[in-house]
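Reading the structure
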Amino acid sequence: MRYDPVKSRIGRLVSSSVGLRKVFYALLDILLLRTWHVRKALLGFNKANPGAENILDAGSGFGQYAWRMWKLNSKWKITGIDIKEEQVAHCNWFAARAGAGDRLSFRVADLTSFTEKEKYDLALSVDVMEHIEDDISVFRNLFNSLRSGGWLLISTPSDRGGSDVHHEDEDSFIDEHVRDGYGRQEIEEKLQSAGFSDIKCRYTYGKPGKLSWKISMKYPIIMLNFSMILAVILPFYYILALPPALVLNYFDLHMEHSEGTGLLVIAKKSKH
């Protein structure tokens, strides 16, 4: 299943208008369960770090998380980096025309070689690490880019059905992933080897979240992969699908899961 081409088509579509892009961001905030978990974690960081200034969106994609952080705290200066030139150009275009260019900017960079020594108070990485083979280098680079006491916040698929893979002989729902998901111990050990401490790792997308993801994301993506013409029926689909998906998201956010298809990880760089 080709997920990235669908994303690229949608990205080009919403880049034609600032208003359309804002609506798109709002829809992602509502539909994507990971945004619910990331938003909660960002609020926790904001409360615990009132003096934070520089924020890195490591793998900024469409730019929705960078935009959310720009709105969350008027003191934050957010830098988004991504390997895809087209997405970076679209995001910079939007930031300039949305009046956010003073605190929000994007540039092309490869996380396996990117580093800005001790600059950032927070590095956010959402649905990125599953796309990168050399994850150890990325973790080390992010550690070096964080200031003393800085946080790394990661959202990524787990090895408990992440990428919709439940058996060794299954293919990933998303072809672009180089790994189907992380084990908790695996990612904790890799972060520790990079220098991080005080690592908290918990499952997301438990039973409610897995069902919500199928309703709100998997089935629509399958339709769009078949034909983009089917986009015309999506509004009618979501009229029926959205209410139960939102209820399931709420329960997933407020429950503790013994396992789930996603992981939310918070790791800190110890203060000197």
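The text that follows walks through the structure, step by step, so that each part is easy to find. Quick caveat: nothing in here was measured; it's all calculated off a predicted structure.

Conventions we followed
Residues numbered from 1 in each chain as written. Predicted model: local features only at pLDDT ≥ 70, side-chain atom pairs only at ≥ 80, totals over all residues. Heavy atoms only, no water. Pairing = 2+ DSSP bridges. Helix = DSSP H or I, 4+ residues; strand = E, 2+ residues; numbered from the N terminus. Axes fitted to C-alpha atoms, helices over the stretch in contact; angles between N-to-C directions. Contact = heavy atoms within 4.5 Å. Left-handed = near helix turned anticlockwise from the far one by under 90°. Nonpolar A, V, L, I, M, F, W, Y, C, P; charged D, E, K, R; others polar. Buried < 20%, exposed > 50% of the residue type's maximum accessible area, 1.4 Å probe, protein only. Right-handed = clockwise from strand over helix to strand, strands pointing away.

Quick word on the sheet that holds strand S1 (residues 54-58)
In space, the 7 strands of this open sheet follow the order S3-S2-S1-S4-S5-S7-S6, with mixed pairing throughout. Each edge of the open sheet is held by one strand with a lone partner, namely strand S3 (104-108) and strand S6 (197-204). With strand direction ignored, the average angle separating the axes of adjacent strands in the sheet is 15°. Both strand S5 (residues 146-157) and strand S7 (residues 262-268) contribute to a ladder of 7 bridges, which runs antiparallel. Bridging from a neighbouring strand, Pro-157 pairs with Gly-262 of S7. Against the sheet, helix H3 (residues 33-48) contacts S1, strand S4 (120-126), S5, S6 and S7, and its axis sits at roughly 165° relative to S5.

Quick word on the packing of H3 against helix H4 (residues 64-72)
It is the contact of H3 with H4, at a shortest axis distance of 12 Å, that shows an interaxial angle of 35°. For the pair H3 and H4, the crossing hand works out as right-handed. Here Arg-34, Thr-35, Val-38, Arg-39, Leu-42, Leu-43 and Asn-46 of H3 come into contact with H4, specifically with Tyr-65, Arg-68, Met-69 and Leu-72. Among the residues making up the contact of H3 with H4, the classes are represented as 6 nonpolar, 2 polar and 3 charged.

Overview of the pairing of strand S2 (residues 77-82)
Counted residue by residue, S2 has 5 buried out of 6 residues, so it is predominantly covered. Handedness of the S1-H4-S2 crossover: right-handed. Read as a crossover between parallel neighbours, the route from S2 over helix H5 (residues 85-97) to S3 is right-handed.

In short, shape yes, function no, at least from these values alone.
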